[in-house]
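# Remarks on the overall topology
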Amino acid sequence: AAGESPYLVDGRPAERVLPPETIRIPNARGSIAQALDHRLVPDLVIDGEGAEDVIYHHRRDGTREVFFLVNQDRHHGREVEIRLPGTGRLEEWDPFTGKTTPTPGRLMDGKTEVMLSFPPVGSHLLVMHTDQPAQNQASPRLPLAPRQEVTLPDRWTFRRLDPNAITLDHCSISLDGEPGSGTKPVWQAQQEVAAAGAGTPFALRFCFQAKSVPHCIDLVLECPERFQITVNGHPVPYHENGHWRDISFKRVDIQPQVRAGRNTIELEGVFAEDTVLENIYLIGDFGVRARRLGQERYGVNGMDFDRYGPEFTLIDEPREGSGQHLNQQGYPFYAGTLALRQVVEIPETASRAALSLDDLHAIMADVWVNGQQAGLILVPPHQIDVSSLLKPGPNEIEIRLVTSLRNALGPHHLAGGDPVRIWPYHYADESRWTDDYVLVPFGFEKARLLVW
């Protein structure tokens, strides 16, 4: 019994609840673990500094013993010794690629000992084939520090693989032909027209600035067939033109109507019981000028957020730049894949080399070396082995960063950043509302080539 002993049976006081042989221990993790280890034979033993942060799951599949081990520490790596029950051919599985790698282990007293290094929140998936002979060999202690580090120049050429985007989430609204109100969030415009009731004619006006006319630009909105669309005073009839990111997000070509300077988009309709006014988007071949105000950090989930001023302008797309802060280099609302490329001179090949991305802010990084895919970077330590793809002389490195839909769809106006879970009301949370835009960072601090 951990902590206070129970004293009720069916909600009523009882003289004795626990059997006499019950052990009472403090309600603490270490005390519970020690008591269990004393009474039960440990299935798997983990030794080393910080071993208590490494937890495991053990399953049996016929003649295969499967062990999944995880380092729970978000900030520090762990190097520990694992004693697995039984013997047999041991290998490690990579669940991201399906690749299997033989893993040497030292046999001792019917058990198998292996050394494992864990990055922060890193994991290992080990499989032991008990019906096959074991390889009795001590696990090598891999050097944690490379013998050489080469920081790549922070100058990359950009290649966008998807349309760029800008979100328009503020508008003015006029009801029943009356003069329009001031600019407000779209969700407030929805409240106004809903209060007026079904059958009310309304008009929404969105504005955006363009330094020049993009070669390609589409308006994206839901249910375009319900609106009369006007761009800079020119009617734009809706024709089926595909969708963007969601089959409900229809595309309307407005390139002929866009001009340099201030642009207006008007949507006229009649409110019905099922009318829901939503943000609209512009997508195409352009960059977006953004003004970064600083960084914010939200304590609940430890994520980083950047705050941007509410002024955005369509500009000519950048062709090269830094790998850091891609939001403020033309891509604050981008939802897609952006390829960063450079040519690096390698004096000689190494027995083992890895590309490492520091402070990566992307859902995934797809790494290509000399035109061949090296693999995907998904989890810490954000490294990928490139040994077999490097060659002496010039080498082309391309890092394809994949974003989420967060910066395109929001929520954009929560001061301090997102909570752990997002619900519809967070898009209209006036208690934390800011007119600035709070976005997740995009990019990485630096790229390094690590040589062992």
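Attention in this report is confined to the structure presented alongside it. Note that the structure is a prediction, hence the values are computed from the model and not measured.

This part takes up the packing of aromatic side chains. Per the stated rule, a full pass over the model turns up 12 aromatic pairs. These aromatic residues form a ring-pair network of at least three members: Phe-158, Tyr-331, Tyr-334 and Phe-442. The ring of Trp-368 carries the charged tip of Arg-400 above its face, separated from the ring centre by 4.3 Å.

The next subject is the environment of Arg-259. Relative to the assigned elements, Arg-259 resides in the loop between β22 (246-253) and β23 (261-270). Looking at Arg-259, the relative accessible area reads 44%, which means it is partly exposed. Residues Arg-259 and Pro-214 lie 45 residues apart in sequence; the distance between their C-alpha atoms is 8.9 Å. Leaving out residues up to four positions away in the same chain, Arg-259 has contacts with Ala-210, Val-213 and Asn-232.

Our focus in this paragraph is the sheet that holds strand β6 (residues 78-85). Here four strands make up an open sheet; going across it, the order is β3-β6-β10-β9 and the pairing antiparallel. The open sheet terminates on both sides in strands that have one partner only, identified here as β3 (45-47) and β9 (106-108). Neighbour to neighbour, the strand axes of the sheet diverge by 30° on average, direction disregarded.

It is worth spelling out the sheet that holds strand β18 (residues 217-222) at this point. Overall, antiparallel pairing links the five strands, which are arranged β14-β24-β18-β22-β21 in an open sheet. The sheet is open, and its two edges are formed by β14 (164-168) and β21 (243-244), each paired on a single side. Where β18 and strand β24 (residues 280-284) come together, four bridges link them in antiparallel fashion. The partner of Ile-217 across the bridge, within β24, is Gly-284.

To continue, consider the side chain of Thr-264. As for its position among the elements, Thr-264 is in strand β23. Thr-264 sits in the buried class, given a relative accessible area of 15%. Excluding its chain neighbours within four sequence positions, the residues that come into contact with Thr-264 are Arg-205, Phe-206, Cys-207, Thr-230, Val-231 and Asn-232.

What counts and how
Residues numbered from 1 in each chain as written. Predicted model: local features only at pLDDT ≥ 70, side-chain atom pairs only at ≥ 80, totals over all residues. Heavy atoms only, no water. Phe/Tyr/Trp six-rings, centres within 6.5 Å; stacked < 30°, edge-to-face > 60°. Lys NZ or Arg CZ within 6 Å of the ring centre and 35° of its normal. Helix = DSSP H or I, 4+ residues; strand = E, 2+ residues; numbered from the N terminus. Buried < 20%, exposed > 50% of the residue type's maximum accessible area, 1.4 Å probe, protein only. Contact = heavy atoms within 4.5 Å. Pairing = 2+ DSSP bridges. Axes fitted to C-alpha atoms, helices over the stretch in contact; angles between N-to-C directions.

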